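Spelled out from the first residue to the last, the chains are:
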Amino acid sequence: MAEEEVREPLLDGAPRKIGNVGGRRKMLGCCDPSTFGHRLIVLGLMCFLGFGSYFCYDNPAALQIQVQSDMKVNTAEFMQLYAWYSWPNVILCFFGGFLIDRVFGIRLGTVIFSLFVCVGQVVFSVGALVNAFWLMEVGRLIFGIGGESLAVAQNTYAVSWFKGKELNLVFGLQLSMARVGSTVNMNVMALVYERIMAMVGSMGHTTLGITLMIGAVTCIFSLTCALVLGYLDRRAEKLLNKEQGKTGEVIKLTDVKDFSLSLWLIFLICVFYYVAVFPFIGLGKVFFIEKFKFSPQQAGAINSVVYIISAPLSPLFGILVDRTGRNIVWVMCAIVITLAAHIMLAFTFWNPWIAMVFLGISYSLLACALWPMVAFVVPEHQLGTAYGFMQSIQNLGLAIVAIAAGAILDARGYLFLEVFFIACMCLALISVVMLYFVNQLTRGELNLSAWKRMKLQKEAELEAEKQAFLRRQSQNDLAKLKPMSAFGVRNRYLSRLGAQLPNHYCTHLSALAHRSVLK
């Protein structure tokens, strides 16, 4: 039987192959970083890396009634909890990748951002325990510093371990696990609050603080995953001479002046769409209780439908868009469906499950069709800046609209709030229609079919090969025309006259001179 081989590093870092000889034990399959079993363990850790962050992000939405009653705040003040999460990410979206690549490294960076998430959630919980709403806002600010950057680190790990293998599936699984965290939060936190209330004996800020502190356990779990993942990544680096993962982002703010009109329209679509989805989910639970007379448990369940649907559908819609192309058409369909869902919720008493299912489907579809469009309108070296700017504008819009939505709800009620969301969706629809015509006028690639994009890509590759060949040919021609030195010119002249050259010249100048046949 052939001897099984394992790779181990030498002291100088060069890998060598060894067998199961000399009493040395071979590694089990799940312990070998090059095997699928080991990468499956790493994948599980990657997925749970962001579970705590997504679980705790919507803690305020799951406990909206309790937060407002126990902390004695109105809706505008309550929505500040979401605004404070978004404010730091208006800036950090530009520098998260830089901090991971150049300052901390992927392993230390992941642990640091996980610590920010944990500390933020603990401070948020302590603020409720001591009845200090300002401290809860500070906690959300700290939480926001780590939350978005942790997502960047998660994606960097995925590329480092699965690039060229199962990367698309890995991204889909990570997104699905994030949605699972949000779904569990929406359906569990209210029940946890009721259990704590039964133990304490009354409602109040203490019950709220204990409930939020229990939620912080998920952040500690994610921090543990970050530590284990860092150890496994360091171990793989030693065993396989594997380089530390990098985001590859190159952020240059001067690139903003080169952004095309199509890219700015994509930014507008992103802002107008997401400000009509995330703030609605943040305020949705009480909306379903007041308008449709749902129980808190039923309202929490229906408010989480968007996340439940997006978990399995996001990977499937990603495959659909990849196979068909036509990104602008898919984005337009998603916006129209979302607009219809908000109209149903605002002006009808139809079963809200229908509208929320539509919202979940359209939310998943838009994410798969909108974000990849950036790569079609900017060169590769500007992608980091473009995506950073897109996330920055998105967080700025979410922060402002969160405050505005709370103020509208306090002053006018849910009907006017829904009209506001419908107006945002109409602006998103106008933007995507403008993008369609701009793309047509500029003969862009945003709405091409998949096969036509593939054809253009092959033509571009052939043209690039042709240009590379011409450059090489030009360099060869220039090398042939390179002028000789004065030394070479003199010896060539003497050779043609028939002069006898010394013997040692022949070894160095065989291409420039030859021995005279005259003796």
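Computed from a predicted structure; not experimentally measured.

About the cut-offs
Residues numbered from 1 in each chain as written. Predicted model: local features only at pLDDT ≥ 70, side-chain atom pairs only at ≥ 80, totals over all residues. Heavy atoms only, no water. Helix = DSSP H or I, 4+ residues; strand = E, 2+ residues; numbered from the N terminus. Buried < 20%, exposed > 50% of the residue type's maximum accessible area, 1.4 Å probe, protein only. Contact = heavy atoms within 4.5 Å. Areas by Shrake-Rupley, 256 points an atom, 1.4 Å probe, with all protein chains shown as cover. Lys, Arg positive; Asp, Glu negative; His and termini not counted. Salt bridge = Lys/Arg side-chain N within 4 Å of Asp/Glu carboxyl O. Polar contact = N/O pair within 3.5 Å; in protein donor to acceptor, adjacent residues only side chain to side chain. Expected span 1.5 Å × (residues − 1). Core = buried A, V, L, I, M, F, W, Y, C linked by side-chain atoms within 4.5 Å. Axes fitted to C-alpha atoms, helices over the stretch in contact; angles between N-to-C directions. Parallel < 35°, antiparallel > 145°, perpendicular 65-115°, else oblique. Nonpolar A, V, L, I, M, F, W, Y, C, P; charged D, E, K, R; others polar. pLDDT = per-residue confidence, 0-100. Patch = residues over 30% accessible without salt bridge, like charges linked within 9 Å, V, L, I, M, F, W, Y side chains within 5 Å. Left-handed = near helix turned anticlockwise from the far one by under 90°. Phe/Tyr/Trp six-rings, centres within 6.5 Å; stacked < 30°, edge-to-face > 60°. Lys NZ or Arg CZ within 6 Å of the ring centre and 35° of its normal.

Glancing now at the overall build of the chain. Along the chain, the regular secondary structure elements total 22 helices and 2 strands. Expressed as a percentage of the 519 residues in the chain, the buried residues total 49%. Restricting the contact set of the chain to residue pairs at least 6 apart, pairs at least 24 apart contribute 75%. In the form shown here, the chain has an accessible surface area of approximately 25600 Å², with 66% of it arising from carbon and sulfur atoms.

Residue position: lysine 291 is located in helix 12 (residues 278–292). The charged side chain of lysine 291 is buried without a salt bridge, its nearest counter-charge being glutamate 418 at 7.8 Å. In this structure the side chain of lysine 291 is engaged in a polar contact, spanning 2.5 Å, whose partner is the backbone oxygen of leucine 345. Here the side chain of lysine 291 touches alanine 346 through a polar contact of 3.2 Å, landing on its backbone oxygen. Non-local contacts of lysine 291, meaning those with residues more than four positions away in its chain, are made with Leu345, Ala346, Phe347, Thr348 and Phe349.

Mapped onto the elements of the fold, phenylalanine 287 is located in helix 12. For the pair phenylalanine 287 and alanine 299, spaced 12 residues apart in sequence, the C-alpha to C-alpha distance is 8.3 Å.

Our focus in this paragraph is helix 8 (residues 133–162). Working note: α-helix, 3.6 residues per turn, so residues spaced by three or four point in the same direction. Helix length check: helix 8, at 30 residues, gives a terminal C-alpha distance of 43 Å against a target of 44 Å (1.5 Å per residue), a fit within 8%. Counting buried positions over the 30 residues of helix 8 gives 21, a clear majority of the element.

Formed by 129 residues in total, the largest nonpolar core has its most connected members in Phe288, Val331, Ile335, Met356 and Leu370. Look past the residues within four positions of methionine 356 in its chain and what remains in contact with it is Phe280, Phe288, Ile302, Asn303, Val305, Val306, Ile309 and Leu345.

What follows deals with the packing of helix 1 (residues 36–49) against helix 8. At a closest axis distance of 10 Å, the pairing of helix 1 and helix 8 adopts a crossing angle of 170 degrees. With respect to their mutual orientation, helix 1 and helix 8 come out roughly antiparallel. Note on element contacts: helix 8 touches helix 1 through Leu150, Gln154, Tyr157, Ala158, Trp161 and Phe162, opposite His38, Arg39, Val42, Leu43, Met46, Cys47 and Leu49. Looking at the contact of helix 1 with helix 8 residue by residue, the class counts come to 10 nonpolar, 2 polar and 1 charged.

The share of residues in the chain with pLDDT of 70 or more is 81%, and the mean pLDDT across the chain is 82. The low-confidence segment residues 1–25 (pLDDT under 50) makes 37 contacts with residues lying over four places distant or belonging to another chain. Here residues 507–519 is modelled with pLDDT under 50, and outside its nearest four sequence neighbours on either side it reaches 16 contacts, counting other chains as well.

Attention now moves to the side chain of asparagine 447. One can find asparagine 447 in the loop between helix 19 (414–441) and helix 20 (450–480). Within the structure, the side chain of asparagine 447 is placed 3.5 Å from the backbone nitrogen of isoleucine 328, a separation counted as a polar contact. Looking at asparagine 447, its side chain comes within polar contact range of the main-chain nitrogen of valine 329, at 3.3 Å. Excluding anything up to four places from it in sequence, asparagine 447 contacts Arg326, Asn327, Ile328, Val329, Tyr436, Asn439 and Arg453.

Taken together, the side chains of Ile343, Phe347, Leu415, Phe416 and Val419 define a hydrophobic patch exposed on the protein surface, amounting to about 460 Å² of accessible area. Of all elements in the fold, only helix 15 (327–347) and helix 19 reach the threshold of two or more residues within the nonpolar patch. Sort the elements by how many residues they give to the nonpolar patch and helix 19 lands first, with 3 residues. By the secondary structure assignment, isoleucine 343 is in helix 15. Using a relative accessible area of 37% as the deciding quantity, one classes isoleucine 343 as partly exposed.

For the rest of this paragraph, the subject is the packing of helix 12 against helix 19. Following both chains from N to C, one finds helix 12 and helix 19 inclined at 145 degrees, their axes separated by 11 Å at the closest point. The way helix 12 lies across helix 19 gives a crossing that is left-handed. Judged by residue contacts, Pro279, Phe280, Leu283, Val286, Phe287 and Glu290 of helix 12 engage Tyr414, Leu417, Glu418 and Phe421 from helix 19. Tallied by class, residues from the contact of helix 12 with helix 19 come to 8 nonpolar, no polar and 2 charged.

Our focus in this paragraph is helix 16 (residues 352–370). Its 19 residues give helix 16 an end-to-end C-alpha distance of 26 Å, which sits within 8% of 27 Å, the value for a rise of 1.5 Å per residue. Its side-chain oxygen placed 3.0 Å from the backbone nitrogen of tryptophan 353, asparagine 351 serves as the N-cap of helix 16.

Turning next to the pattern of salt bridges. Pairs can form between side chains of opposite charge whenever their charged atoms are close. Under the counting rule described, the total for this entry stands at 2 salt bridges. Here arginine 107 and aspartate 233 are joined by a salt bridge, their closest N and O atoms 2.7 Å apart. Within this pair, whereas arginine 107 is found in helix 7 (residues 106–129), its partner aspartate 233 is found in helix 10 (residues 205–240), the two being separated by 126 residues in sequence. Residue arginine 107 is classed as buried on the basis of its relative accessible area of 12%. A salt bridge links arginine 107 to glutamate 237; its shortest N-O distance comes to 2.7 Å. With arginine 107 in helix 7 and glutamate 237 in helix 10, this residue pair connects regions lying 130 residues apart in the sequence. Taking relative accessible area as the criterion, glutamate 237 reaches 28% and is therefore assigned partly exposed. If you follow the salt bridges from partner to partner, you end up with Arg107, Asp233 and Glu237 in one network.

What follows concerns the packing of aromatic side chains. The tally for this structure, following the rule as stated, stands at 30 aromatic pairs. Seen in terms of ring centroids, phenylalanine 259 and phenylalanine 267 are 6.0 Å apart; in terms of plane orientation they differ by 75 degrees. Their pairing is edge-to-face. Judged on exposure class, the residue phenylalanine 259 and its partner phenylalanine 267 are both buried. Here tyrosine 273 and tyrosine 274 contribute two aromatic rings whose centre-to-centre distance is 5.5 Å and whose plane-to-plane angle is 90 degrees, an arrangement assigned as edge-to-face. The burial state of tyrosine 273 is the same as that of tyrosine 274; both residues are buried. Here the aromatic cluster, defined as three or more aromatic residues joined through ring pairs, consists of Phe280, Phe287, Phe288, Phe292, Phe294, Phe349, Tyr414, Phe420 and Phe421. Above the face of the tyrosine 82 ring, arginine 140 is positioned so that its terminal group lies 5.4 Å from the ring centre.

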